[in-house]
Amino acid sequence: TIKADEDRSLNTWIDLGKENKENLLTQKEEPDGVTEPDIKADIDCRKVPFPYSGPGENHIYFEIDDSFLYDGDDNEVWIVMEYFDSGNRIKLHYDSNDDAFKSTDYITLGNTNTWKTHVWHITDGRFENRCNGSDFRFISEGAGDIWINRVWVLPFEPAVPFDPENPEKHND
């Protein structure tokens, strides 16, 4: 159940880099989730390298603080990722009521070499830390490196286009 239902200004976020800045969202390193700090287009971020020396495909994992969101039936949230548009594709896997690694469609990257955002609308989130101890992860599935700067989990539909400098702005 989302604890922020009554206050739409509440959200959980992480700003990735050499030292992550967190608000109720943590990035976790796993054997198949190896990241490294990087600077891309003058932005401090995390790189998800591929190829890498771990098992299978490489991911970047995130855990939502249980005080914000945990084990609900069909939790509705919007997951927003700020990524560097270079490479092939990125997909989201998340802990849903049906599957601990439910997969979304890919976003196809356009190789503009700029920072962009993408919003996933999740209507069946369980978020019980069943995704290798986390709640969701991003993956390129062997399609090359990916760079992530910031991630938000919002209990409300964000404004379109999403404004990373004003994430509390929403559609009514």
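The numbering scheme is per chain: residues are counted from 1 as the chain's sequence reads. pLDDT decides what is reported in this predicted model: residues at 70 or higher carry local features, side-chain atom pairs at 80 or more are listed and counted, and totals for whole chains, interfaces and linings draw on all residues regardless. Hydrogens and water are ignored here; the side-chain numbers use all heavy atoms of the structure.

Digging into unusual backbone geometry
For the bond from V160 to P161, the omega torsion is 0°, close enough to zero to count as cis. A run of H or I in DSSP counts as a helix once it spans at least four residues, and a run of E counts as a strand once it spans at least two, with each numbered from the N terminus. Structurally, P161 is set in the segment after β13 (146-154). Phi is positive for N113, which is not a glycine, with a value near 55°. Positionally, N113 belongs in the loop between β10 (107-108) and β11 (115-125). Residue burial is assigned from relative accessible area. The probe radius is 1.4 Å, only protein chains are included, and a residue is buried under 20% of its type maximum, exposed over 50%, and partly exposed in between. On the basis of relative accessible area, N113 is assigned to the partly exposed category, the value being 46%.

Description of the packing of aromatic side chains
A pair of Phe, Tyr and Trp rings is counted when the ring centres sit within 6.5 Å of each other, with Trp represented by its six-membered ring. The angle between the planes then sorts it: under 30 degrees is stacked, over 60 is edge-to-face, the rest tilted. Counted by the stated rule, this structure contains eight aromatic pairs. With 5.6 Å between their ring centres and 65° between their planes, F62 and F138 make a pair best called edge-to-face. Taken together, the residues F62 in strand β6 (residues 59-64) and F138 in strand β12 (residues 136-139) connect sequence positions 76 residues apart. F62 sits in the buried class, given a relative accessible area of 0%. When the centroid spacing of 4.9 Å and the interplanar angle of 65° are considered together, the rings of W152 and F162 count as edge-to-face. Separated by 10 residues along the polypeptide, W152 in strand β13 and F162 in the segment after β13 bring together distant segments of the chain. The pair formed by W152 and F162 is uniform in burial state, with each residue classed as buried. Within the aromatic cluster, the residues linked to one another by ring pairs are F62, W120, F136 and F138. For a ring to carry a charge above it, either NZ of a lysine or CZ of an arginine must fall within 6 Å of the ring centroid while also lying within 35 degrees of the normal to the ring plane. Sitting over the face of the ring of Y106, R89 holds its NZ or CZ atom 4.3 Å from the ring centroid.

Notes on the environment of W120
For W120, the location among the structural elements is in strand β11. The sequence separation of W120 and T104 amounts to 16 residues, and the corresponding C-alpha distance is 8.3 Å. Here a residue-residue contact requires only that any non-hydrogen atoms of the pair lie within 4.5 Å. Discounting chain neighbours no more than four positions away, the residues touching W120 are V77, W78, I79, M81, L92, T104, D105, I107 and F138. A polar contact is formed between the side chain of W120 and the side chain of T104, at a distance of 3.3 Å. In protein, a polar contact requires one atom able to donate a hydrogen and another able to accept it; more generally it is a pair of N or O atoms within 3.5 Å, and residues adjacent in sequence count only if both atoms are side-chain atoms.

Re the nonpolar core
Generally speaking, soluble globular proteins have nonpolar side chains that are buried together. The term nonpolar core refers to a set of buried residues drawn from Ala, Val, Leu, Ile, Met, Phe, Trp, Tyr and Cys, joined through side-chain atoms within 4.5 Å. Ranked by size, the top nonpolar core spans 27 residues in total, and within it F62, I79, F136, F138 and V151 carry the most contacts. Within the residue set of this core, elements represented by two or more residues are β6, β7 (75-84), β8 (89-94), β11, β12 and β13.

What about the pattern of salt bridges?
A pairing counts as a salt bridge when a side-chain nitrogen of Lys or Arg comes within 4 Å of a carboxyl oxygen of Asp or Glu. With the rule as written, the count across this model stands at 12 salt bridges. When the shortest N-O distance is used, the salt bridge between K28 and E30 registers 3.9 Å. With its nearest N and O atoms 3.5 Å apart, the salt bridge here joins K47 to D145. Taken as a pair, K47 in strand β5 (residues 43-48) and D145 in the loop between β12 and β13 lie far apart in primary sequence, 98 residues in all. Shared partners join several salt bridges into a network, and the residues in it are K28, E30 and E63.

Some details on the side chain of T35
Among the secondary structure elements, T35 is positioned in the loop between β3 (25-28) and β4 (36-40). On the accessibility criterion, T35 (9% relative accessible area) is buried. At 3.3 Å, the side chain of T35 and the side chain of Q27 are in polar contact. Separated by 2.9 Å, the side chains of T35 and R46 make a polar contact. Ignoring anything within four residues of it in the chain, the contact list for T35 reads Q27, E29, R46, K47, V48, P49, H59 and I60.

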